[in-house]
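A look at the structure
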Amino acid sequence: MENKEYRILIVDDEKDILEFLSYNLRKEEYQVKTASNGNEAVKTAKDWSPHLVILDVMMPEMDGIEACREMRTLSNMKNSVILFLTARGEDYSQIAGFDAGADDYVTKPVKPRVLTSRVKALLRRSSTNVEETVDKYQAGNLVIDRERYLVIKGEQEITLPKKEFELLQVLTSKPNKVFSRDEIFAKVWGDSVIVGDRTIDVHVRKLREKVGSENIKTVKGVGYKFEVTE
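Residues numbered from 1 in each chain as written. Predicted model: local features only at pLDDT ≥ 70, side-chain atom pairs only at ≥ 80, totals over all residues. Heavy atoms only, no water.

**Some remarks on unusual backbone geometry**
We count it as follows: Numbered from the N terminus, helices here are DSSP runs of H or I no shorter than four residues, and strands are runs of E no shorter than two.
Here the residue pair K108 and P109 is connected by a cis peptide bond, since its omega of -10° sits within 30 degrees of zero. Its place among the elements puts P109 in the loop between β5 (104-107) and α5 (112-130).

**Concerning helix α2 (residues 38-48)**
Because the α-helix completes a turn every 3.6 residues, residues three or four places apart line up on one side. Heads up, the rule is: Relative accessible area decides the class of each residue, using a 1.4 Å probe on protein chains only: under 20% of the type maximum gives buried, over 50% gives exposed, and in between gives partly exposed. Taking the helix axis as origin, the arc is that swept by the directions to the C-beta atoms. Here a polar contact means two N or O atoms within 3.5 Å. Within protein one must be a hydrogen donor candidate and the other an acceptor candidate, and residues neighboring in sequence count only if both atoms are side-chain atoms.
Listed as buried for α2 are G38, A41, V42, T44, A45 and W48. Angularly, the buried residues of α2 cover 165° about the axis, an arc narrow enough to put them on a single face. Within α2, the exposed residues directed more than 90 degrees away from the buried face are K43, K46 and D47. If you check the start of α2, you find a side-chain oxygen 3.1 Å away from the backbone N of N39, and it comes from N37. Positive phi appears at S49, one or two residues downstream of α2, with a value of about 50°.

**Things to note about the sheet that holds strand β11 (residues 216-219)**
Strand pairing in a sheet relies on backbone hydrogen bonds. The paired strands run either parallel or antiparallel. Defined as follows: DSSP-based pairing: two strands are paired if at least 2 bridges between them are found.
Sheet architecture is open: 3 strands sit in the order β10-β12-β11, paired in antiparallel fashion. Edge positions in the open sheet fall to β10 (179-180) and β11, since each of these has one partner strand only. Bridge count for β11 against strand β12 (residues 223-226) is 4 bridges, and the pairing is antiparallel. Residue pairing in the sheet places I216 in a bridge with F226 of β12.

**Description of the side chain of Q169**
For clarity, the cut-off: When checking whether two residues touch, look at their non-hydrogen atoms; a contact exists if any pair is within 4.5 Å.
Structurally, Q169 can be placed in helix α6 (residues 162-173). On the basis of relative accessible area, Q169 is assigned to the buried category, the value being 19%. Setting aside chain neighbours within four positions, we find Q169 in contact with Y137 and R146.

**Concerning the sheet that holds strand β8 (residues 150-153)**
Where we set the bar: Axes here mean lines fitted to C-alpha atoms, for a helix over just the part in contact, with angles spanning 0 to 180 degrees between N-to-C directions.
Read from one edge of the open sheet, 4 strands run β6-β7-β8-β9, paired in antiparallel fashion. Looking at the sheet topology across the chains shown, the edges are occupied by β6 (136-139) and β9 (156-159). Direction aside, neighbouring strands of the sheet carry axes that sit 25° apart on average. Contacting β6, β7 (142-145) and β8, α6 crosses the sheet at an angle of about 120° to β7.

**Notes on the packing of α6 against helix α7 (residues 181-189)**
Helix packing for two helices is described by the angle between their axes and how far apart those axes are. Put simply, the rule reads: Between 65 and 115 degrees an angle is taken as roughly perpendicular, under 35 as roughly parallel, over 145 as roughly antiparallel, and anywhere else as oblique. Two helices cross in a left-handed way if the nearer one is turned anticlockwise from the farther one by less than a right angle. They cross in a right-handed way if the turn is clockwise.
Relative orientation of the contacting elements α6 and α7 amounts to 125°, with a least axis distance of 10 Å. When the axis of α6 is compared with that of α7, the two are oblique. Of the two possible hands of crossing, α6 and α7 adopt the one that is right-handed. In this structure, α6 contributes K163, E166, L167, V170 and L171 to the contact, and α7 contributes I184, K187, V188 and W189.

**Considering the pairing of β8**
Here β7 runs beside β8; their pairing, made up of 4 bridges, is antiparallel. Bridge pairing in β8 links D145 to L150. Count of turn residues in the β7/β8 antiparallel hairpin: 4 residues, of which Y149 carries a positive phi of about 55°. Two elements, β8 and β9, share 4 bridges in a ladder whose sense is antiparallel. Its bridge partner being in β9, I152 is matched across the sheet by E157. Counting the residues between successive antiparallel strands, the hairpin from β8 to β9 contains 2 residues, one of them, G154, with a positive phi of roughly 65°.

Put into structure tokens, the structure is as follows:
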């Protein structure tokens, strides 16, 4: 797709930020709409189906974390990219954003060239992911349903946040293969994304709590694997 075919929604309660980001993205020929709070953002996302959302965290009425969660419940936003742009750079804030369904996290201030480069990379990666075959497959005692973003264990259906689901999908894509931390970061968060050192460990811990720890193994000094006994 050409830039002019992509729709980008920018959400921030600071008018100068909206104008600054809009100007730079329109200059790259993207279609751009703006919203000044989470409620307005969710409504616009539902009506307009943006390919990418740039979302501030701290906002009145509905903050960015809650707005992200709401957007991820919309059927038309399943494959959209959500990028948090915020002055808050703490690990726990990043983890909350990823748990809500965000794809990337950039701290303010950000240079226009850096932001447009990140946007381009995220949209390119998203387009590639959409083309992947959507299906259901089994790994150990789990059934991974890509179409519904569900994990089925016995009679139980488990809904996971987007990043936890993608992490599980990576690990189960090649059972018994050891994935290095770098590989996991690249496949789940993208090479250009900078996240805290603890992010992957926290996601693995939460994944074990939800789907069980019997198959997800830590290989010290290397990474993780989804172990299946023949």
